[in-house]
Amino acid sequence: MDALNLTEKTDWTFIEQFKKESGDNPSLCYQCGNCTAGCPYTHYFDYPVSMIMRLLQTGQKETILNSKAIWLCATCETCTTRCPCEIDVAHVMDVLRHIARRENKVAEKGVKSFYDSFLKSVKLFSRMYEVGMIMIYMLRYGYMLSAAKLGMDIGPKFLTRGKLSFFPHELMGNAEVARIFKKYRKMEKERAKK
Amino acid sequence: MAEKKYAYYSGCSQETSSKEYDISLRAVMKALDVELVEPEGWSCCGSTPAHTVNHVLAAALAARNLALVEKMNMPVLTTPCPSCLTAFKEANHRMENDSFKKDVNSLLDNPYNGTVDAKSSLQIIYEDIGLETIASKVKYVFTELKVAPYYGCIMNRPPALAKFDDPENPIAMDKILSALGLNVCDFAFKTECCGAGYGYTKKDMMKELTYKVLDMARDAGANCIAVACPVCQMNLDLNQKEINKDRGSDFNMPVIYFTQLMGLAFGCSPKELAIKKLIVNPDKLLKNRMLKSETDKGQDKEKLKASA
Amino acid sequence: MSDVGTKELRIVGFLCNWCSYGGADTAGVGRFKQPTDLRIIRVPCSGRVDPLFVVRALLTGADGVLVSGCHPRDCHYSEGNYYARRRLEMLRRLLQFMGIDEKRFHYTWVSASEGQKWQQVVTDFTKQVHELGPLHDKKEKAD
Amino acid sequence: MRVGVFICHCGSNIAGTVDVARVAAEARKIPGVAFATNYMYTCSEPGQDEIKAAIKRENLDRIVVAACSPRMHENTFRKTIQKAGLNKYFLEMANIREHIAWIGNDKELNTEKAIDAVSMAIAKVMQNKPLHATSFKINKRVLVIGGGVAGMQAALDCADGGLDVVLVEKSPAVGGIMARLDKTFPTIDCSICILGPKMVDVGQHEKIKLFAYSEIEEIKGYIGNYQIKIRKKATYVDWEKCTGCGLCMEKCPSKNSYDYFNFGVAPTKAINIPFPQAIPKKAKIDPNYCRQFLKGKCGVCAKICPTGAINYEMKDEIVTEEVGAIVVATGYGLLDQNILTEYGGTRYPDVISGIQYERLLNASGPTSGHIERPSDHTEPKTIVFVSCAGSRDKSIGVPYCSGFCCMYIAKQAILTKDHIPDSQSYVFYMDIRSPGKGYDEFTRRAQEEYGAQYIRGRVSKIYPKGKKMIVRGADTLLGTQVEIEADLVVLATAAIAAEGAAEMAEKLHISYDTFGFYVESHPKLRPVETNTSGVFLAGACQGPKDIPSSVGQGSAAAAKVLSLFSRDMLESDPAIAQVNTNACVGCLKCLKTCPFQAIVEDTLRSGKKVAKVIETVCAGCGVCTSTCPCGAIQLQHFTDNQLLSEVSAICQM
Ligand SMILES: Cc1cc2nc3c(=O)[nH]c(=O)nc-3n(C[C@H](O)[C@H](O)[C@H](O)COP(=O)(O)OP(=O)(O)OC[C@H]3O[C@@H](n4cnc5c(N)ncnc54)[C@H](O)[C@@H]3O)c2cc1C
Ligand SMILES: Cc1cc2nc3c(=O)[nH]c(=O)nc-3n(C[C@H](O)[C@H](O)[C@H](O)COP(=O)(O)OP(=O)(O)OC[C@H]3O[C@@H](n4cnc5c(N)ncnc54)[C@H](O)[C@@H]3O)c2cc1C
Ligand code: SF4
Ligand code: SF4
Ligand code: SF4
Ligand code: SF4
Ligand code: SF4
Ligand code: SF4
Ligand code: SF4
Ligand code: SF4
């Protein structure tokens, strides 16, 4: 493999864009590794979180936005709590997800789809309605198999204990909540134009 | 009239998958003479999925509810769910910034001015009601229980936002359970993540984390886990059979809401606390109970023995 | 500096020799960028600052006056800054009677090691004075 | 009046962002200015010669130098003009470097600002009066506060140089942290073996008066003449009688007293001699644990003591000492492990601090040098060292490096292998900081010869599992999370300011930084002096440092004291308050405000009551001047006229 040519491959614009959007300063990170040391999900990450910080410092945009790590981070806040440099690392991961979404680079489609289904269900029913959400997740994203498995695992146990209701709560959609989503889309579009 | 009164946001999960949390909390609050007022027409707080999309959207979903409470002229909103709590706290925190606040309010029909403080029900019980009052309400002590108190990852984190208890070694629930006369284990994984919302999408990952928590609880000598979060409860409670199958372990450890334990100690019936809804059945552990007055004497005897 | 507004205003600073003057030095040594409006007068102790100096400055052309000394309990002369605090607090009230916005006057404590804090103090106070604008219809400096 | 103005380039330091030629040109236009020029390096020898020459050539009588901070070079230029025959108070400096050139890049604005600064200096210098110092006698005794290795070194060097030394140590024995160490890096020689003889010297030196278990109550006076009140805390043992036989300690039934000397590794008796080599070797009762104090009955020690030294009624005693200079060597403290909750705080007995481990290694420590786990007294085989435990951690307010822990961890890893050959040490580190002579070789040896596993990454959590402690960290070089099942974990807890450091600084009128460490006069060029003349620093009270540096500073501070005392008289600063008896109405408001009690009431021959300043006592703060309703008492060199002329220079334009 060739040496990483930092003169050519450092994306300074990406670093600046990140700084502006997040308000976080990646230079504060001294690479102690504490975030990685505490991260419960690190074994599943393709890049441990301290390395994401390092990639960010060196402006490795593509590598970061295509990483699974940013989608597998559960925002457990362990890293933020323990970072000696007071970096809100979980927030860094959050903002990287936002950028990845915008740039249509999602290495963990399943996770994203789940979040989208959740929100879709909120938009439709104004509260999270689990059966509805699972149905959306199944139908819209075609995860029949895993969903069927889900139904098997969770369904019976839950239904017999009256935990999952097949019908959403009485509220059944609230115009204001749906409007929040609508206005948000509009806001995003205008921002994108600028 | 109730002595204390709070706006109360149960959260979506408490309507469905974790009804027993809501039910038991209400029972306990009633016993403690605290009135909970639900804002009418509340909606989802946005939870984790919203903030993975955009912070303005996330804050708007949360702030809509805070605005409802603001209209009710109530300064404090309490919620049992740490995920909702974080959503509200994040919204409050970010909306201290004026331009962010403007953006959020532009998505809302009714603007939110940022005057409502969000606190977990655990915090309210620990700080506002207090251990003395709790101890004074205890009727029964459950002598079989050895409880590992499990707070989950975000109840106390990040500390700058949570502003409650210690982020590494929280003690509020420990103290409450001790006030109930329960045997509380020194549990090192109080705040380790349980697998969060990955139950649907990354089940193996979730099960691994759940396993670690269960394993550590057993190691600490616990025979049950007390929880304060619906996601933790579900992950820990629902998957023990599967984990046993995968790993050849033999977990059969009830995962009980701390509010259910409070209710039981206060003398509520299991039915009032929806104990039946728990997947791993705790009945066996709950069989032995003593009147508190008796255990006090017993303990005194034990203490005498120990010091002799 | 450009981020506090367009035209320079006149700000007079009285700094005690031991702490704040040193703090301003430390800020300089650390190359902490600051707005340029401030003119510094060195005094041995914040307790040496006669409220009349402040009034005189404000009446004769200053748009703002900043006084800075050692932290309470850390005064080189034991308690000079306590006297300063008492007097300057009185002065603040007096200014209102004189029709001068008390925001044009600020006193604070900065130690010799607090270069960064000094930068913050200067930046914030300059901004505050710029928000109020000039106090006098000043002739152009050239004449 | 003929003012001469010299604008310095300071290379490009000033000239880079200030148009120095224009500043000189503008200065020339100011009435009173006879000469103005700009020069490359004004403080250099040719630069100073240029000033002297100009004074002669242009017949100048006042000088303004616009250059760096007066805190840097005022004295330099005062001497320069003095050599040229001017009174040294006819100098003013305009600080156009630190306060102008270095804090902005806009040359236009900077130049304007520099012109103002120069105008102010010119305005002031024209008001300046010649002042003359008077001289006074020095009391050639020195007070050393703190009897750690730095303080002892300073005390011994001063005493050997013939000075009388008063040494005040807060704890019952001298030696500080070094007396607790087992071996010392980088040579691994026995700490007490090299320190012991010094301690004995301190105890026996005829020129050293040692006050152990004593604290500074009050400090009054000024360089050359200080009055010190010392509180001798009650030990409940008459040290004149106590022979240090140790019988009392053997028989005392109160066995659970906290052992400060051993950092709580094991308990001690309520009456104890802190360690076998203690100087002074005297017993002391801890009333927090003594049954006589707690329950009103026991008295065993009083009965057993062969010399009848025990005195339960003893009270604190205040004594006064007079000295002419002070060396502060109060050392440092260690971070409370309880703050590190992710490591369990002090919840887990087998997670200990570096200094506690030092006591476990020490042959005269509570385990006689056998390393054992506090929980079950078994010998640990896997030992994990956690560096930077609280250091370099902004989140808990300790952003700095503690300086010596990298080295002592390597030392402890080496010693561990010596003690337990089949043990394995692991060291979590972020950087290995070992820049001294032979230091890096030392940390390499820990790895190369003694097989310590160094893991580059911070530790995130420590928790118990069974009998083991699980240390979860990262190996950032492998890019992975790692876990080690340890028997014992040693935290290199951060060095912090000594307890009470801030209060001590306030008594001494010296500055301390955000973290409580004392501030030296100049970080490079005056490292053992403070801004308060007569007060010097030595050792870790100025910032974390190892033994060689602490000893070096102890000697350096002693050298400073000796050079100060090489004169018999000191010159007083003439910039003090002066009363104009004509204007004074005798209200004595000034007398009440003077922080130094430098003002007394005086009666003139006419019978008029007026204020009078005692020259040697006045410190020159000027509080009186801003108090006097009549402007009768004026602080020389900073009079109302002088300061107002500066205000006018910038405001009336
Ligand atoms: C675990 C550990 C291992 C170490 N190992 C080494 C090593 O191998 N080699 C090495 O070079 N360095 C080592 N060090 C560093 C070493 O301890 C310091 O360099 C040294 O102790 C500094 O000496 P000091 O005299 O400045 O301060 P201290 O040793 O702290 O002494 C200060 C003294 O002042 C006294 N005092 C404090 N306040 C007052 C007061 N208000 N009034 C009167 N007296 C007061 C204290 O009681 C104390 O006796 C180690 C440090 C630690 C923590
Ligand atoms: C690139 C670089 C940058 C640095 N930056 C910094 C910094 O920013 N801050 C800092 O604190 N330190 C810095 N240093 C370190 C600094 O240079 C040294 O700490 C300092 O110079 C040591 O001073 P010295 O007097 O001991 O030795 P030197 O500066 O080496 O002076 C020794 C003198 O002795 C003379 N000499 C030698 N042999 C004899 C002889 N036989 N007879 C007579 N005279 C002799 C030499 O000619 C020389 O003048 C830096 C070093 C380097 C290399
Ligand atoms: S914990 Fe903080 S400083 Fe350390 S590697 Fe992670 S982000 Fe960087
Ligand atoms: S917030 Fe994300 S990156 Fe940080 S520790 Fe938790 S899962 Fe890992
Ligand atoms: S107090 Fe008495 S018994 Fe104790 S050491 Fe001193 S002389 Fe010996
Ligand atoms: S009187 Fe106190 S110090 Fe003396 S022997 Fe009894 S308990 Fe010990
Ligand atoms: S000396 Fe080493 S261990 Fe100590 S704080 Fe500095 S880097 Fe960390
Ligand atoms: S040799 Fe120089 S550059 Fe290398 S670590 Fe030491 S001080 Fe730093
Ligand atoms: S305050 Fe002024 S007038 Fe009063 S006694 Fe002092 S010098 Fe005299
Ligand atoms: S200047 Fe005045 S107040 Fe200050 S010490 Fe001297 S006499 Fe006292």
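Rules and cut-offs
The numbering scheme is per chain: residues are counted from 1 as the chain's sequence reads. The naming scheme follows written order: chains are lettered A onward, ligands numbered 1 onward. At least 70 in pLDDT is required for a residue's local features to be given in this predicted model, at least 80 for side-chain atom pairs to be given and counted, and no such filter applies to totals for whole chains, interfaces and linings, which use all residues. To get the side-chain values, all heavy atoms of the structure are used, and hydrogens and water are removed first. Each helix is a run of DSSP H or I of at least 4 residues and each strand a run of E of at least 2, with the numbering of both proceeding from the N terminus. Atoms counted for the radius of gyration: C-alpha only. Globule rule: 2.2 Å times the number of residues to the power 0.38. Any two residues whose heavy atoms approach within 4.5 Å are treated as being in contact. In short, Shrake-Rupley with a 1.4 Å probe defines the accessible areas, and a residue's cover is counted only from the protein chains shown. In summary, the charge assignment counts Lys and Arg as positive and Asp and Glu as negative, without counting His or the chain termini. In this description, the location of a charge corresponds to atom NZ of lysine, CZ of arginine, CG of aspartate or CD of glutamate. What pLDDT conveys is the predictor's confidence in a given residue, as a value from 0 to 100. The criterion for a disulfide is a pair of cysteine sulfur atoms lying within 2.5 Å. When accessible area is computed with a 1.4 Å probe and restricted to protein chains, residues below 20% of their type maximum are described as buried, those above 50% as exposed, and intermediate ones as partly exposed. By buried area we mean how much accessible surface two parts lose on assembly, using a 1.4 Å probe and totalling the loss over both. A carboxyl oxygen of Asp or Glu within 4 Å of a side-chain nitrogen of Lys or Arg is what we treat as a salt bridge. In the analysis that follows, any N or O atom pair within 3.5 Å is treated as a polar contact, provided that within protein one partner can donate a hydrogen and the other can accept it, and provided that, for residues neighboring in sequence, both atoms belong to side chains. Each axis is a line fitted through C-alpha atoms, and for a helix only the stretch in contact is used; angles between axes span 0 to 180 degrees, taken between their N-to-C directions. In what follows, roughly perpendicular refers to angles from 65 to 115 degrees, roughly parallel to angles under 35, roughly antiparallel to angles over 145, and oblique to any angle outside these ranges. By the definition used in this description, the sense in which the near helix is turned from the far one sets the handedness, with an anticlockwise turn below a right angle giving left-handed and a clockwise turn giving right-handed. The nonpolar class holds Ala, Val, Leu, Ile, Met, Phe, Trp, Tyr, Cys and Pro. Asp, Glu, Lys and Arg form the charged class, and all remaining residues, Gly among them, are polar. By definition, two strands form a pair when at least two bridges between them are found by DSSP. Domain extents, as shown, originate in an automatic or database domain assignment. Here a Phe, Tyr or Trp ring, Trp counted by its six-membered ring, pairs with any other such ring whose centre lies within 6.5 Å, and the pair is stacked when the planes are under 30 degrees apart, edge-to-face when over 60, and tilted otherwise. Only Lys NZ and Arg CZ are tested; either one counts as a charge over a ring when it is within 6 Å of the ring centre and within 35 degrees of the ring normal.

Novice: In this structure, what is going on with the overall build of chain C? I would like to understand it.
Specialist: A count of helices and strands for chain C gives 4 helices and 4 strands. Here the C-alpha radius of gyration of chain C, 15 Å, is about what a compact globule of 143 residues would show, namely 15 Å. Based on the C-alpha atoms only, the size of chain C along its principal axes is roughly 40 × 35 × 25 Å. Taking all contacts inside chain C whose residues are at least 6 apart in sequence as the whole, residues at least 24 apart take part in 82%. In the structure as shown, chain C presents an accessible area of about 5,800 Å², 53% of it carried by carbon and sulfur atoms. When the 21 basic and 17 acidic side-chain charges of chain C are each reduced to a single mean position, those positions are 4 Å apart.

Novice: Please clarify how the confidence of the model for chain C should be interpreted in this entry.
Specialist: Detailed conclusions should not be drawn from predicted coordinates in areas where pLDDT is low. Residues and elements named next belong to chain C. With 90% of its residues at a pLDDT of 70 or more, chain C shows a mean pLDDT of 86. Note on residues 1-5: pLDDT is under 50 here. Beyond four places in sequence and across chains, it has 11 contacts. Contacts from residues 139-143, a stretch scored under 50 in pLDDT, to residues over four places away or in other chains number 5 contacts.

Novice: Any chance you could explain the state of the cysteines here in plain terms?
Specialist: By definition, a disulfide is the covalent link that joins the sulfur atoms of two cysteine residues. Scanning the model with the defined rule gives 2 disulfides over all chains in all. Sulfur-sulfur distance for the disulfide between Cys19 of chain C and Cys70 of chain C comes to 2.2 Å. On the S-S bond that ties Cys19 of chain C to Cys70 of chain C, the torsion sits near 95°, and the link is right-handed. Of this pair, Cys19 of chain C sits in the loop between strand 1 (11-16) and helix 1 (20-29) while Cys70 of chain C sits in the loop between strand 3 (64-69) and helix 3 (80-97), and the two are 51 residues apart along the sequence. Across the pair, Cys70 of chain C and Cys19 of chain C agree in class, each one buried. In this model Cys190 of chain D forms its disulfide with Cys193 of chain D; the gap between the sulfur atoms is 2.2 Å. As the torsion about the S-S bond is roughly 85°, the Cys190 of chain D-Cys193 of chain D disulfide counts as right-handed. Residue classification places Cys190 of chain D among the partly exposed residues on the basis of a relative accessible area of 22%.

Novice: What exactly am I supposed to notice about the interface of chain D and chain A here?
Specialist: Between chain D and chain A, the residue contacts involve 19 residues of the former and 19 residues of the latter. In total, chain D and chain A occlude about 1,400 Å² of area from one another, counting both sides; carbon and sulfur atoms represent 49% of this. If you sort the residues of chain D by the area they bury against chain A, Lys394, Ser460 and Gln481 of chain D come out on top, with a joint share of 38%. Where chain D touches chain A, the interface holds 0 salt bridges. Seen at the junction of chain D and chain A, the total is 13 residue pairs in polar contact (both at pLDDT 80 or more). For the side of chain D that touches chain A, the secondary structure elements donating two or more residues are strand 22 (459-465), strand 23 (468-475) and strand 24 (480-486) of chain D.

Novice: What is the right way to read the packing of helix 12 (residues 175-193) of chain A against helix 3 (residues 55-71) of chain B from this model?
Specialist: At a closest axis distance of 10 Å, the pairing of helix 12 of chain A and helix 3 of chain B adopts a crossing angle of 160°. The pairing of helix 12 of chain A with helix 3 of chain B is recorded here as roughly antiparallel in orientation. Our pair here, helix 12 of chain A against helix 3 of chain B, has a crossing hand that is right-handed. In contact with Glu176, Val177, Ile180, Phe181, Tyr184 and Met187 of chain A of helix 12 of chain A, helix 3 of chain B contributes Val56, Leu57, Ala60, Leu61 and Arg64 of chain B.

Novice: What should I look at first to understand the arrangement of the chains in this one?
Specialist: There are 4 pairs of chains in contact here, and the one with the most contacts is chains A and B. Regarding chain A and chain C, the two do not touch, and the least distance separating their C-alpha atoms is 17 Å. In this structure chain B stays clear of chain C, and the shortest span between their C-alpha atoms is 18 Å.

Novice: I tried to follow helix 8 (residues 172-179) of chain B on my own but got confused; where do I start?
Specialist: Each turn of an α-helix holds 3.6 residues, which means side chains three or four residues apart point in the same direction. Of all the 8 residues making up helix 8 of chain B, 6 are buried; the element is thus mostly covered by neighbouring parts of the structure. Each element contacted by the buried residues of helix 8 of chain B is listed here: helix 6 (121-137), strand 6 (146-150), strand 7 (183-184), strand 8 (224-227) and helix 12 (258-266) of chain B.

Novice: Explain the side chain of Gln57 of chain A here, please?
Specialist: Residue and element names in this part refer to chain A. Mapped onto the fold, Gln57 is located in helix 4 (residues 49-57). Reaching out from Gln57, the side chain makes a polar contact with the side chain of Arg54 at a distance of 2.7 Å. Excluding anything up to four places from it in sequence, Gln57 contacts Ile15, Pro26, Ser27, Cys29 and Gln31.

Novice: Hey, could you run me through the interface of chain A and chain B in this one?
Specialist: Often the size quoted for an interface is simply the accessible area lost on bringing the parts together. Taken residue by residue, the interface counts 58 residues in chain A and 65 residues in chain B. Overall, the association of chain A and chain B removes approximately 5,600 Å² of surface from exposure, summing both partners, and the carbon and sulfur fraction of that is 58%. On the surface where chain A and chain B come into contact, there are 6 salt bridges. Of the charged contacts, one joins Glu176 of chain A and Arg64 of chain B as a salt bridge, the two residues approaching to 2.9 Å between their closest N and O atoms. Elements that contribute at least two residues to the side of chain A that touches chain B include exactly helix 6 (69-72), helix 7 (78-82), helix 8 (89-102), helix 9 (109-125), helix 10 (130-141), helix 11 (144-160) and helix 12 of chain A. The element contributing the most residues to the side of chain A that touches chain B is helix 12 of chain A, with 10 residues. For the side of chain A that touches chain B, a count of residues per class yields 28 nonpolar, 13 polar and 17 charged.

Novice: Help me understand the sheet that holds strand 6 (residues 141-145) of chain D in this model?
Specialist: Strands belonging to one sheet form pairs held by backbone hydrogen bonds; the direction of such a pair is parallel or antiparallel. Residues and elements named next belong to chain D. The strand order 10-7-6-16-27 describes an open sheet built from 5 strands, whose pairing is parallel. For this open sheet the edge positions go to strand 10 (208-211) and strand 27 (535-537), each flanked by a neighbour on one side alone. On average, adjacent strands in this sheet sit at an angle of 20° to one another, irrespective of strand direction. In this structure, strand 16 (residues 325-328) lies alongside strand 27, joined through 3 bridges in parallel fashion. Counterpart to Val328 in the pairing with strand 27 is Leu537. Across the face of the sheet, helix 7 (residues 149-160) comes into contact with strand 6, strand 7 (164-168), strand 10 and strand 16 while running at roughly 165° to strand 7. Against the sheet, helix 16 (residues 547-564) touches strand 6, strand 16 and strand 27, its axis set at about 160° to strand 27.

Novice: I keep staring at the confidence of the model for chain D and nothing clicks. Help me out?
Specialist: Averaged over every residue, the pLDDT of chain D is 95; residues scoring 70 or more account for 100%. With a pTM of 0.86, the predicted complex shows an ipTM of 0.85.

Novice: Help me understand the domain arrangement of chain D, please; the structure alone is not making it clear to me.
Specialist: Here chain D is partitioned into domain 1 (3-127), domain 2 (141-227 + 320-331 + 500-564), domain 3 (234-315), domain 4 (333-496) and domain 5 (577-636). The distance between the C-alpha centroids of domain 1 of chain D and domain 2 of chain D comes to 40 Å.

Novice: Which parts of the structure should I look at to understand the side chain of Thr593 of chain D?
Specialist: Secondary-structure assignment places Thr593 of chain D in helix 17 (residues 589-593). By relative accessible area, Thr593 of chain D is classed as buried at 11%. If we ignore the near neighbours within four places in the chain, the residues touching Thr593 of chain D are Tyr83 of chain C together with Val623, Cys624 and Thr627 of chain D.

Novice: Is there a simple way to think about the environment of Tyr236 of chain D in this case?
Specialist: With respect to the helices and strands, the residue Tyr236 of chain D is situated in the loop between strand 12 (225-232) and helix 9 (247-251). In this structure, the C-alpha to C-alpha distance between Tyr236 of chain D and Lys315 of chain D, residues 79 residues apart in sequence, is 7.9 Å.

Novice: Would you mind showing me how to read the packing of aromatic side chains here?
Specialist: Any pair of aromatic rings gets described here by the distance separating the centres and the angle formed by the planes. Tallied over the entire structure, the rule returns 25 aromatic pairs over all chains. Centre to centre, the rings of Phe114 of chain A and Tyr115 of chain A are 6.1 Å apart; their planes meet at 55°, and the pair counts as tilted. Among the aromatic residues, those joined into a ring-pair cluster are Tyr9, Trp42 and Phe88 of chain B. The residue whose ring lies beneath Arg42 of chain C is Tyr21 of chain C, and the NZ or CZ to ring-centre distance is 5.6 Å.

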